[in-house]
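Architecture at a glance
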Amino acid sequence: MNRKEVTQKSIHLQRNMNLIVYGTTGLPVLGFPTQNSSCGNYEEFGMIDAIAQFIESGAIQLFCVDSIDTESWSDSGGNAEHRAWLQEQYFLYITEEVLPFMLTENNCPQKPLVMGLSMGGTHAAITFLRRPDLFSGLLAISGVYDTQYFFGPWMNDTLYFNAPLAFIPNMPLDHPYIAQYNAKKMVFCVGQGAWEEEGIRTLATLGRQFEQKGILAWIDFWGFDVSHDWPWWFKMARYFLPHFLMDMPGTSDKTKTTPARTKNGGTKK
């Protein structure tokens, strides 16, 4: 598997940021790591091995980025305004620095898919919902979409735009982003097992908000045995990635194969 490490000085964050590129061609995929993690997160915990068939076949090219969660979402004792400002700078870093880099490295005519796991799922959802014009789809796994989980009741204008459960209800029914959401593929998935309580609660709320706005998304609650952990995320990624590759020319039948589902929403072992 082709693997390339890249370090760039971020204009918005004023620091060196790292990313790792896996593969050389295919649908570009922006991968957000789990909470407080670096760009090596997927590799360290086995996700790269779990989805190797998609990378090695040329179906996807994966771009894994660093997080700055320890200074923003996770810094519960820090200054809330500064934490929100840092998250906004991170969002700008992703959309105005990482995305252009991805487009220079990848020759696929389709816009990137954005995906993430746990806190990475939160980042992926924020990024896509704020700029659906930049992406072809969203795969958010085990995210939490309520900023109160991280900031308590505090809110300002900066945090508001990084809070899906805050800005989606206020979106006018004729907002142009709704048409863009519905023209693309959005998948939200969460298990119903251990450590998924906030993910279940916030995704259920987001799903109701989508229904009220006429926003179409695949919202999938997996079984009560499905915990907030890597082995299940491997299965979820392998299950959902073919959904985004169905319309890609030249994608092999192997990568388009969808695993069987059990009645409770998990994949068969």
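Residues numbered from 1 in each chain as written. Predicted model: local features only at pLDDT ≥ 70, side-chain atom pairs only at ≥ 80, totals over all residues. Heavy atoms only, no water.

A look at the overall build of the protein chain
Counting secondary structure elements, the protein chain contains 12 helices and 8 strands. Over its C-alpha trace the protein chain gives a radius of gyration of 17 Å, about what one expects of a compact globule, namely 18 Å for 269 residues. Its C-alpha atoms give the protein chain principal-axis dimensions of roughly 50 × 45 × 40 Å. Residues counted as buried form 58% of the 269 residues belonging to the protein chain. Once local pairs closer than 6 in sequence are excluded, the contacts in the protein chain between residues at least 24 apart make up 72%. Averaging the locations of the 21 positively and 27 negatively charged side chains of the protein chain gives two centres separated by 7 Å. (Helix = DSSP H or I, 4+ residues; strand = E, 2+ residues; numbered from the N terminus. Rg over C-alpha atoms; globule rule 2.2 N^0.38 Å. Buried < 20%, exposed > 50% of the residue type's maximum accessible area, 1.4 Å probe, protein only. Contact = heavy atoms within 4.5 Å. Lys, Arg positive; Asp, Glu negative; His and termini not counted. Charge placed at Lys NZ, Arg CZ, Asp CG, Glu CD.)

Considering the confidence of the model for the protein chain
Per-residue confidence for the protein chain averages 93 on the pLDDT scale, and 92% of its residues sit at or above 70. Below a pLDDT of 50 lies the segment residues 253-269, which in the model reaches 45 contacts outside its immediate sequence neighbourhood of four places, other chains included. (pLDDT = per-residue confidence, 0-100.)

Focus on the packing of helix α4 (residues 80-105) against helix α5 (residues 119-130)
Two elements in contact, α4 and α5, have axes separated by 11 Å at closest approach and are oriented at 70 degrees. Comparing their axes, α5 and α4 come out roughly perpendicular. Crossing geometry of α4 relative to α5 is assigned as right-handed. Contacts from Q87, E88, Y90, F91, I94 and T95 in α4 reach H123, I126, T127 and R130 in α5. Its residues assigned to classes, the contact of α4 with α5 shows 4 nonpolar, 4 polar and 2 charged. (Axes fitted to C-alpha atoms, helices over the stretch in contact; angles between N-to-C directions. Parallel < 35°, antiparallel > 145°, perpendicular 65-115°, else oblique. Left-handed = near helix turned anticlockwise from the far one by under 90°. Nonpolar A, V, L, I, M, F, W, Y, C, P; charged D, E, K, R; others polar.)

As for the packing of aromatic side chains
Evaluation of the coordinates by the stated rule reveals 22 aromatic pairs. When the centroid spacing of 6.1 Å and the interplanar angle of 70 degrees are considered together, the rings of W218 and Y239 count as edge-to-face. In this pair, W218 sits in strand β8 (residues 218-221) while Y239 sits in helix α11 (residues 230-245), placing the two residues 21 residues apart along the sequence. For W218, a relative accessible area of 29% translates into the label partly exposed. By relative accessible area, which is 8% here, Y239 ends up buried. Ring centres of W230 and W233 lie 5.3 Å apart, and the angle between their planes is 70 degrees; on these two criteria the pair is classed as edge-to-face. Pair noted here: W230 and W233 are both in helix α11, with a separation of 3 residues, about one helical turn. (Phe/Tyr/Trp six-rings, centres within 6.5 Å; stacked < 30°, edge-to-face > 60°.)

Some thoughts on the pattern of salt bridges
As a working rule, side chains carrying opposite charge can pair if their charged atoms are close by. Applying the stated criterion across every chain, the model contains 8 salt bridges. Across the pair R201 and D146 runs a salt bridge whose closest N-O atoms are separated by 3.2 Å. Taken as a pair, R201 in helix α10 (residues 197-213) and D146 in the loop between β6 (137-141) and α6 (148-151) lie far apart in primary sequence, 55 residues in all. With relative accessibility at 36%, the residue R201 sits in the partly exposed group. For D146, a relative accessible area of 14% gives the class buried. When the shortest N-O distance is used, the salt bridge between E198 and R201 registers 2.7 Å. A residue pair is termed a helical-turn pair when its members lie 3 or 4 positions apart in one helix, as E198 and R201 do in helix α10 at 3 residues. Look at E198 and you get partly exposed, because its relative accessible area is 24%. Through salt bridges with shared partners, one network takes in R3, E5 and E43. (Salt bridge = Lys/Arg side-chain N within 4 Å of Asp/Glu carboxyl O.)

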